[in-house]
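Summary of the model geometry
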Amino acid sequence: QVPLVESGGGLVQAGGSLRLSCAASGFTFDDNAMAWFRQAPGKEREGVACIRSLVSSTWYSDSVKGRFTISRDNAKNTVYLQMNNLKPEDTAIYHCATAPEGCGGKFGSWGQGTQVTVSS
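What you are looking at is a predicted structure, and each value in this text was computed from that prediction instead of being measured.

**What about the nonpolar core?**
Formed by 27 residues in total, the largest nonpolar core has its most connected members in W36, L81, M83 and Y94. Those elements that place two or more of their residues in this core are β3 (18-24), β4 (33-39), β5 (46-51), β7 (68-73), β8 (78-83), β9 (92-99) and β10 (114-119). Of the residues forming this core, the biggest block, four residues, is contributed by β3. Once residues lying within four places of it in the same chain are set aside, the contact partners of M83 are G16, S17, L18, L20, R67, F68, Y94 and V116. Counting seven residues, the second-largest nonpolar core is a separate cluster that includes C50, A97, A99 and C103.

Now the structure itself:
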């Protein structure tokens with residue numbers, strides 16, 4: 001499994017912003033699409049965003065479109081999730097994952113997650 005370490009979570013008031021980071025190692029980062037997922041207590045895990053490897057196209061869930069932006073820095077083997085205009089319903093543990101078969105394929109490795117809490 002590929003080591004993935006998320007960071008950047010925290011407590012923020014509604015309307016605020018956070019930037020999550022996911023640092024990867026142990027594989028050719030450039031060849032993998034990367035994704036962010038989240039899971040709130042009592043809720044199913046939800047795909048949030050994905051960024052492809054060979055092209056810079058991205059995918060977002062309807063609930064975060066226009067508010068979240070996924071990006072990557074291949075030189076640093078890191079993927080980011082910029083979260084703006086946060087809402088209480090964004091509260092969840094956020095995980096990053098590798099997608100070696102692309103954003104539409106299976107996911108390989110998962111990080112342990114970082115907690116995001118949005119107060120009203």
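**A closer look at the sheet that holds β9**
In spatial order, the strands read β2-β10-β9-β4-β5-β6; together these six strands make up an open sheet with mixed pairing. The sheet is open, and its two edges are formed by β2 (10-13) and β6 (58-60), each paired on a single side. The average angle at which neighbouring strand axes cross in this sheet is 25°, direction not considered. Relative to β10, β9 runs antiparallel, the two sharing three bridges. Bridge pairing in β10 links I93 to Q115.

**As for the state of the cysteines**
Scanning all chains against the criterion turns up two disulfides. Between the sulfur atoms of C50 and its disulfide partner C103 the distance amounts to 2.0 Å. Since a negative S-S torsion denotes a left-handed disulfide, the C50-C103 link at about -90° is left-handed. In this pair, C50 is assigned in strand β5 and C103 in the loop between β9 and β10, connecting sequence segments 53 residues apart. Residues C50 and C103 agree in their burial class; the two are buried. With cysteine numbering restricted to those in disulfides and following the sequence, the protein has the pairing 1-3, 2-4.

What counts and what doesn't
Residues numbered from 1 in each chain as written. Predicted model: local features only at pLDDT ≥ 70, side-chain atom pairs only at ≥ 80, totals over all residues. Heavy atoms only, no water. Core = buried A, V, L, I, M, F, W, Y, C linked by side-chain atoms within 4.5 Å. Buried < 20%, exposed > 50% of the residue type's maximum accessible area, 1.4 Å probe, protein only. Helix = DSSP H or I, 4+ residues; strand = E, 2+ residues; numbered from the N terminus. Contact = heavy atoms within 4.5 Å. Pairing = 2+ DSSP bridges. Axes fitted to C-alpha atoms, helices over the stretch in contact; angles between N-to-C directions. Disulfide = S-S within 2.5 Å.

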